[in-house]
Amino acid sequence: MRHLTPYLLLLGILLFGACERRHLESESPDPGLSALIPVKIDWSKTGFPVDATPRLATQQEYVHRVSLRFFPRNGGAPFERYLETNVFEGEINVPVGEYAVIVYNESVEDVNYWNGRVVFSHPNDFKAFSASLSQDPTSYDFYTPGASEFMGVEPLRLASWSLDTFWVTPEMATKTRYQTTRTLVMQDQQMLYALTHIVMRPLTYPTQIKADLHNLRSAQQIRGCLRGFASRVNMATGKTHAESGNHVIPFTTRAWWSTEQKDGSATALLLTLGRSTPAAKSASEKYDIHMDVVLHNGQRHSMSQPVFDLSDQILASTDTLKANIAFDLPEYSGSDIEIDPWREESTLIY
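Here's what I pulled together on the structure shown here. (Residues numbered from 1 in each chain as written. Predicted model: local features only at pLDDT ≥ 70, side-chain atom pairs only at ≥ 80, totals over all residues. Heavy atoms only, no water.)

## Concerning the nonpolar core
Then comes step 1: Ile37, Trp43, Phe70, Phe166 and Leu195 are the most contacted members of the largest nonpolar core, which totals 32 residues.
Then comes step 2: Going through the elements one at a time, strand S1 (34-42), strand S2 (66-72), strand S3 (79-83), strand S4 (89-95), strand S5 (97-105), strand S8 (159-168), helix H3 (170-178) and helix H4 (186-192) are the ones with two or more residues in this core.
Then comes step 3: Listed in part, the 28 residues of the second largest apolar core include Leu213, Ile222, Ile289 and Phe327. (Core = buried A, V, L, I, M, F, W, Y, C linked by side-chain atoms within 4.5 Å. Buried < 20%, exposed > 50% of the residue type's maximum accessible area, 1.4 Å probe, protein only. Helix = DSSP H or I, 4+ residues; strand = E, 2+ residues; numbered from the N terminus.)

Shown next as structure tokens:
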């Protein structure tokens with residue numbers, strides 16, 4: 001018996017190890033377990049200056065993180081998972097369950113980031129979750145909005161993507177947690193990689209208005225009240241709502257048509273939520289700009305027709321919403337009063 005004892009001990013160890021491996025291989029996960037879901041994001045359609053490496057503080061609009069907001073089909077509270085160190089790809093933990101999903105940059109929780117620029121509403125409702133312009137509290141000396149007009153600030157860059165149906169099964173949790181050799185059914189396999197095909201769509205759009213001006217050098221300050229653009233957008237669909245908003249925009253760059261620096265163009269560029277969707281089928285989209293010019297001597301230029309219709313040009317625009325206007329200013333005389341100098345200046349000979 002003494003000679004058999006070592007062999008019996010060895011046999012027991014092998015049997016215990018074999019049983020332990022079989023138990024781990026066939027274990028069914030607890031419903032509270034989660035699967036490791038791979039995520040890959042394509043930003044190329046957004047126009048965002050997204051870079052995989054950290055950017056300098058002077059380089060604006062870097063995407064600090066990506067939120068994947070899950071809306072449980074059973075009516076439970078939504079929750080978020082994040083990509084932070086790499087906004088292009090990663091892996092997230094998602095509990096077993098059925099969901100709708102919205103992916104967007106930053107998070108509704110980033111109150112300090114969005115403060116004063118964008119307001120989110122209905123964040124717990126997949127279909128109603130929306131982003132709106134913040135109210136512009138400034139009183140302008142050249143433009144008084146009507147009772148129903150909304151004055152909005154320029155939003156921060158925003159993009160989203162959505163998926164109506166997404167699920168995580170116990171088999172997906174087992175597969176990703178325990179690295180089993182078990183093959184998933186086709187539907188589960190598709191769900192496992194459903195978030196690796198995310199192509200973000202822009203919810204904010206560069207909007208450019210250029211004014212061609214004779215006697216541009218007579219202008220000390222040029223502003224406009226841009227009217228008709230969207231003030232609210234749905235995060236799941238990317239569709240804007242019927243209500244529109246106004247933006248007061250400065251024309252901060254100028255380009256001269258000749259070396260004499262007399263005539264030229266002034267340009268305003270800002271982000272908007274894009275075109276608004278009319279509430280009724282018979283309604284048409286209307287966009288215009290109410291212009292204001294302060295001359296070099298500090299006097300406001302009296303314009304006989306300060307409102308310019310931009311509708312046709314905006315409707316014909318694609319990624320960047322563009323429109324051109326033109327008018328004359330009085331001849332320059334005297335010296336400039338540099339109260340609000342131009343930010344950028346160049347000489348272009350047309």
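Having put the structure on the table, let's press on.
## So, the pairing of S1
Then comes step 1: As defined by bridge partners, S1 adjoins S4 across seven bridges and the pair is classed as antiparallel. Counterpart to Ala35 in the pairing with S4 is Val94.
Then comes step 2: Pairing of S1 with strand S9 (residues 198-199), which is carried by two bridges, proceeds in the parallel orientation. Within S9, the residue paired with Asp42 across the bridge is Val199. (Pairing = 2+ DSSP bridges.)

## Focus: H3
Then comes step 1: For H3, the set of buried residues is Met172, Ala173, Thr174 and Thr176.
Then comes step 2: In the stretch just after H3, Gln179 is the one whose phi turns positive, near 55 degrees.

## Let's talk about the packing of aromatic side chains
Then comes step 1: Within this structure, the stated rule accounts for 15 aromatic pairs.
Then comes step 2: Seen from their ring centres, Tyr113 and Trp114 are 4.9 Å apart, and the 85 degrees between their planes marks the pair as edge-to-face.
Then comes step 3: By relative accessible area, which is 26% here, Tyr113 ends up partly exposed.
Then comes step 4: The interplanar angle of 50 degrees and the centroid separation of 6.4 Å between the aromatic rings of Phe142 and Tyr143 together place this pair among those described as tilted. As far as burial versus exposure is concerned, Phe142 and Tyr143 are alike and both buried.
Then comes step 5: Seen from the ring of Tyr82, Arg65 lies directly overhead, with NZ or CZ sitting 4.2 Å from the centre.
Then comes step 6: Here the guanidinium or amino end of Arg69 rests over the ring plane of Phe129, the centre of that ring lying 5.9 Å away. (Phe/Tyr/Trp six-rings, centres within 6.5 Å; stacked < 30°, edge-to-face > 60°. Lys NZ or Arg CZ within 6 Å of the ring centre and 35° of its normal.)

## Observations concerning the sheet that holds S9
Then comes step 1: The three strands lie next to each other as S4-S1-S9, forming an open sheet whose pairing is mixed. Each edge of the open sheet is held by one strand with a lone partner, namely S4 and S9.
Then comes step 2: Its contacts with the sheet place H3 against S1 and S4, and it is angled at close to 80 degrees to S1. (Contact = heavy atoms within 4.5 Å. Axes fitted to C-alpha atoms, helices over the stretch in contact; angles between N-to-C directions.)

Coordinates in, geometry out; function isn't part of it.
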